[in-house]
Each structure stands twice: as C-alpha cells, then as structure tokens.
Amino acid sequence: MSKAIKIKKGADIKLIGVADKTISAAQRSTVFALKPDDFFGTIPKLSVKEGAEVKAGSPLFYDKARERVKFTSPVSGEVVEVKRGAKRKILEVKVLADVETRYETFTPWAGGSDREALVNTMLNMGLWPFVKQRPYGVIANPTDTPRDIFVSFYNSAPLAPEASFVLESEKENVQLALDALNLLTSGEVHVGVKAGDSFFDGFTGVKKHTIQGPHPAGNVGVLIHHVSPINKGEVVWTVNGMDMALIGKSLKSGQFRAERTVALVGSEVENPHFYTTMIGAKMDSILGGKLKGDNNRIINGDPLTGDAVDAEGHLGFYNSQITVLPEGDHKKFFLTEGWLAPGFNSFSLSKAFPSWLNPGKRYRLDTNLNGEERAFVVTGELEKVFPFDIYPMQLIKSIMVNDIDAMEKLGIYEVLPEDFALCEFACTSKVNIQQVVENGLADMRKEFES
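Just so it is clear, the structure is predicted and the values come from calculations on it, not from any experiment.

Chemist: Please give an account of the overall build of the chain that cites residues and values.
Modeler: What the chain contains, in helices and strands, is 11 helices and 20 strands. At 22 Å, the chain has a C-alpha radius of gyration in line with the 22 Å of a compact globule built from 450 residues. Judged by the C-alpha coordinates and their principal axes, the chain covers about 65 × 50 × 50 Å. Within the chain, buried positions represent 53% of all 450 residues. Taking contacts inside the chain between residues at least 6 apart in sequence as the whole, the part at least 24 apart equals 70%. Carbon and sulfur atoms make up 49% of the accessible area of the chain, which totals about 20,200 Å².

Chemist: Before we move on, can you summarise the nonpolar core with the specific residues and values?
Modeler: Formed by 123 residues in total, the largest nonpolar core has its most connected members in Trp128 and Phe153. In terms of residue count, the dominant contributor to this core is helix α3 (residues 171-184) (eight residues). If sequence neighbours within four positions are ignored, Trp128 has contacts with Val69, Val119, Met122, Leu123, Ile139, Ala140, Asn141, Pro142, Leu184 and Trp237. Ala26, Met283, Ile322 and Val324 belong to the second-largest nonpolar core, a separate cluster that totals 12 residues.

Chemist: Break down the pattern of salt bridges for me, citing the residues and quoting the values.
Modeler: Side-chain pairs of opposite charge can arise where the charged atoms are in close proximity. For the structure on display, the rule yields 23 salt bridges. Arg257 is paired through a salt bridge with Glu259; the nearest N and O atoms lie 3.0 Å apart. Because the salt bridges share partners, they merge into one network encompassing Glu53, Asp98 and Arg102.

Chemist: Summarise a nonpolar patch on the surface; cite the residues concerned and give the values.
Modeler: A cluster of nonpolar side chains, contributed by Phe333, Phe334, Leu335, Trp339 and Leu340, occupies part of the molecular surface with about 570 Å² of accessible area. Exposure remark for Phe333: the relative accessible area of 47% places this residue in the partly exposed category.

Chemist: Could you give me a rundown of a negative patch on the surface, with the residues and numbers involved?
Modeler: A surface patch of like charges, here negative, comprises Asp403, Asp405, Asp443 and Glu447. Residue class for Asp403 comes out partly exposed when judged on its relative accessible area of 33%.

Chemist: Can you lay out the side chain of Arg115 for me, pointing to particular residues and giving the numbers?
Modeler: Inspection of the secondary structure assignment puts Arg115 in helix α1 (residues 115-125). The buried charged residue Arg115 lacks any salt bridge partner; its closest oppositely charged side chain belongs to Glu116, at an N-O distance of 4.9 Å. In terms of polar contacts, Arg115 uses its side chain to reach the backbone carbonyl oxygen of Leu184, at 2.9 Å. Residues in contact with Arg115, not counting those within four places in the same chain, are Pro142, Asp144, Thr145, Pro146, Leu183, Leu184 and Trp237.

Chemist: Tell me about the sheet that holds strand β10 (residues 132-134), and please be specific about residues and values.
Modeler: The strands that make up a sheet pair up through hydrogen bonds in the backbone, lying either parallel or antiparallel. Read across the open sheet, the seven strands follow the order β1-β14-β13-β12-β15-β10-β11; overall the sheet is mixed. In the strand order of this sheet, the two ends are held by β1 (4-6) and β11 (138-139), each with one partner. Examined bridge by bridge, strand β12 (residues 149-152) and strand β13 (residues 189-194) share four bridges and lie parallel to one another. Across the sheet, Ser152 pairs through a bridge with Gly192, a residue of β13. Here α3 sits on the sheet and contacts β12, β13 and β15 (236-240); the angle it forms with β13, its principal contact strand, is near 140°.

Chemist: Mind laying out the environment of Gln133, listing which residues take part and the relevant values?
Modeler: Within the secondary structure, Gln133 sits in strand β10. Sequence separation between Gln133 and Val239 is 106 residues, and the spatial gap between their C-alpha atoms is 8.8 Å. For Gln133, the residues in contact, after removing those within four places along its chain, are Val138, Ile139, Ala140, Asn141, Asp144, Val235, Val236, Trp237 and Glu449. Separated by 3.2 Å, the side chain of Gln133 and the backbone oxygen of Pro135 make a polar contact.

Chemist: A description of helix α5 (residues 244-253) should follow, citing residues and the corresponding values.
Modeler: It helps to recall that an α-helix has 3.6 residues per turn; residues three or four apart then point in one direction. The buried fraction of α5 is high, at seven of 10 residues. Taken together, the buried positions of α5 are Met244, Ala245, Leu246, Ile247, Gly248, Ser250 and Leu251. On the buried face of α5, the contacting elements are α1, β12, α3, β15 and β16 (259-265). Two residues or fewer past α5, Gly254 is found with a positive phi of approximately 75°.

Chemist: Which residues make up the sheet that holds strand β5 (residues 53-54), and what values do they have?
Modeler: Taken together, the four strands give an open sheet; going across it, the order is β3-β9-β8-β5, and neighbouring strands pair in antiparallel fashion. Only two strands of the sheet have a single partner each, and these edge strands are β3 (31-34) and β5.

Chemist: Give a description of unusual backbone geometry that names residues and reports values.
Modeler: A cis amide bond links Arg134 with the next residue in sequence, Pro135, at an omega value of 10°. By secondary structure assignment, the location of Pro135 is in the loop between β10 and β11. Of note, the bond from His215 into Pro216 is cis; its omega dihedral lies within 30 degrees of zero at 15°. Here Pro216 shows up in the loop between β14 (207-212) and α4 (220-227). Within the chain, Lys87 stands out as a residue other than glycine whose phi angle is a positive 55°. Structurally, Lys87 is set in the loop between β8 (77-84) and β9 (90-97). A relative accessible area of 86% means that Lys87 is categorised as exposed.

Chemist: For the pairing of β16, give the residues involved together with the corresponding values.
Modeler: Of all seven residues making up β16, six are buried, and the element is well covered by its neighbours. Summarising the sheet, β16 and strand β17 (residues 273-278) pair through six bridges and their orientation is antiparallel. Of the residues in β17, the one forming a bridge with Arg260 is Thr277. Of the strand pairs in this sheet, β16 and strand β20 (residues 321-326) are connected by three bridges, and their pairing is parallel. Paired with Val265 across the bridge in β20 is Thr323.

Reading the values: rules and limits
Throughout, a residue's number is its position along its own chain's written sequence, starting from 1. Local features in a predicted model are, by the rule used here, given only for residues with pLDDT of at least 70; side-chain atom pairs are given and counted only at 80 or more, and totals for whole chains, interfaces and linings are based on all residues. Neither water nor hydrogens contribute to the side-chain values; these are computed over all heavy atoms in the structure. Going along the chain from the N terminus, every DSSP run of H or I of four or more residues is numbered as a helix, and every run of E of two or more is numbered as a strand. Throughout, radius of gyration means the C-alpha value; the globule benchmark is 2.2 Å times the number of residues raised to the power 0.38. Burial classes follow relative accessibility: with a 1.4 Å probe on protein chains only, a residue under 20% of its type's maximum area counts as buried, one over 50% as exposed, and anything between as partly exposed. By definition in these notes, contact holds between two residues if any of their heavy atoms fall within 4.5 Å. Only the protein chains shown count as cover for residues, and the accessible areas themselves come from Shrake-Rupley with a 1.4 Å probe. Nine residue types can take part in a nonpolar core, namely buried Ala, Val, Leu, Ile, Met, Phe, Trp, Tyr and Cys, and a core is a set of them joined through side-chain atoms within 4.5 Å. A side-chain nitrogen of Lys or Arg and a carboxyl oxygen of Asp or Glu constitute a salt bridge if their distance falls within 4 Å. Patches here are clusters of residues that have more than 30% relative accessible area and form no salt bridge, with a 9 Å joining cutoff for like charges and a 5 Å cutoff for nonpolar side chains (Val, Leu, Ile, Met, Phe, Trp, Tyr). For the purpose of counting charges, residues Lys and Arg are taken to be positive, whereas Asp and Glu are taken to be negative. His and the chain ends are not included. One atom stands in for each charge, and that atom is NZ of Lys, CZ of Arg, CG of Asp or CD of Glu. Distance and chemistry together define a polar contact, namely a pair of N or O atoms within 3.5 Å, with one atom able to donate a hydrogen and the other to accept it when in protein, and with adjacent residues in sequence counting only for side-chain atoms on both sides. By this definition, two strands are paired if DSSP reports at least two bridges between them. Comment: axis = line fitted to C-alpha atoms, over the contacting stretch for helices; angle = value between 0 and 180 degrees taken between N-to-C directions.

Rendered as structure tokens:
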C-alpha cells in the first residue's frame, strides 16, 4: 500500500543561488575522468593502460572483489593518465575525448523476463554501479536478489535540483528503467516523490509514496525507514532518481549514454541554472566565466554531502549538482559579523539570532565552521534533525569505540553518511560525523563480509 509520509524532524537550509529552470549546453570538456573514490567499498583494478584507445562504454577498471562490476568510459578517446596517490592508489583515470563520440554497442533491452540477460547487459555497459545496496551503501552484488528496490525522486538537500524538471522530457526512459528494476527484485519497487508533485503519477509497476517535511525528507534512507525498514540479514537496493533517465536511455539504445543535466547553484554563481554535460566532465567546462570573485569553495554535490574540488577537478559519477559558496577563511569583526553581532543575516537551527522571525529568508553562508572540533558532548541537537527511530548520538559513539554489537542494536544497517549530514551541520562539537559513520560501515562490512 502506498504511504503518505510526513516528517517533522529536520531543517531546510535556505541558501541564495537557486537554479532558474532553464537549461544550457555546457562547453564540451576535452578530458573526462572516473574516480574510484566515488564508489565506496570498491577496490579498483585497471582494465586499460595509458595510451589505450577506448569507446564510450569500454571498461576502464573493475572491482577486484567482484570482477563482473565494470566502470566504463563516458566518452571515446585515449586514456591519457592514470593518476595515482600514496601507495599507488588509483585516484583518477582520465580520457582525452574524441571530437565525435564512438560507442561500444550492446544488445538493447526493451523489456522481457530474462533477468540474467538484463543483469549482464547492465554489468557490461557500466550501468551496474548506479545500483547500490543497503546495508553498507556499496555497489549491489549482482548475484543477490534484493528484498525490495527503492528510488527517491525527491532531493530535499539545499539548492538541490527538482527531479520533475530535469526528467520532464525523459518519462519514457524513466519508465523503462523502472521496468528493469522490477525484473531485478522479487519484491516491490518503491518510489518516493515530493507531496503534491504530479509528474510521477503515470508511472506503472511501482508503489509510489509521497513525502512531506524538511530535509532530509528526500533521502532514500528516510523512505526505506518509513516504508519497510531493513532487518538484519536483509538486503535492499537503491537507485538515485536522477540516474533513471540515463539507465533507461542506455538500455534502450544499447549504448552507454553518460549525458547528465547538472544544476550549477550557489550564491557565488552568476545566473545559476542547469547545464547539460557528461559524467566525468572537467569542472572548468561548466564553471568557466560563471563565478563571482575568486575565493570560492566549489563543491561536487550539495553543500552538506559534496566534496570540495577545484576547477581542474571533474564531475562526480553520481552528482547532478555543483554548488559554489564563499570561502570562510576571512576574519570577522566581532561586532559586525562575530559573536556580538545582532545576527540579522546569520542562519541558526536554534533561535539564537532574530533571523528565525523571517523563516522564508535565504542566506549567503560561507564555509566557516565557526569553531573547531571539541569534546563530543550530549546536547540533544542531533535528535532534532534526525527523522529515524534511531538514537544518533549513541550510534555515533558506539562507532567511535568500534562496538560492533552496539552498532547492530542501534540500527547502523539502515543508515548511510548522507543521513547524518544535517546532524554534522548541527553538531556543536564540530565532529566529522559523516566520516565516522562511513568508518563504522566499513568496519561492519569487514566484520561480516570478509
């Protein structure tokens, strides 16, 4: 049965720089890159060497632990660099793009009941990394059959793009992707949409749930928790709603189509709106000439969960948003911007500043943490923004002391770092909570899957 989910815990951080609903083509990037760090839990093994010629859909590397899971090139061209870090860790695989993209051809999928053929097509084409599993948030194991599959078409993060706008002309491809997901599970395909959004009314073969409330209402973890929580031993798969059009288009054409519509947003962006580009495109092909000033933080993703990059960086595999905020490295005079300032332009989750009297106001926030890490004390602030029936403070502390039994009992199977992003923002102790949760998930996986 479909559910109408309404949550109260959470907070909407309203920032200046919402994208206008217009789409432009970004400048064609000359170099594209895939980053193994985008794929949590993956041990990359190269399929190519520098100098190799590849087509769009040719494998660049694969998961050493599950060799069928391949990561394919978004474009055709020459592999110009395998960038390595400490202990020869692979950081990026870069491809110098051809002027005209050449594609590997695969057998298109237009429906049917042969699950194994669909799985093999997705694996070979490079679509499988879009399918993740919970617990742990790693790429799904293709030999598993999940209890259910969850897709959230609602992103409630600050400045996040609206799926109904991005996917407006992609309904047919999205429906094909939903049909494919139906074949992959023995259970149900659950989709979460924003309450009142009628764009997704016509899709068939799914259970649609409406979600209402402040961020993180749109997180797929919130959808799972309120529809059918994960018990020990169960596995569910998730797919980002923004990736559904790409999956459907690729299955229909038999080619890996890495096109993506990206929202360039934030207070330091001139005329923020949407751009069409491709996975792995160089940042300066999207950002060039569109930023205010030169002391900005470029974020690959949303402000709460994204990674800082520079203009030489590349668009992440899963990212549909680039956010640009002012750096917070300048000194603030205590009477005008510091602790004695009246705070009319300061955002707060509490009522510390009079700005709470104007709930619709948007803010130009910088990246300053306004403090440094200190003792992790109980404040009750995390519970106010965490819409799960889980004790966040106790769970985080159990991870910090590596208490596996406590982590299990406190519900670590249900959560990912993104579910704690708002807790990290609210944390007065300035603890990097998302990294703590990621470490906990890695420890749990090592304990039970090794």
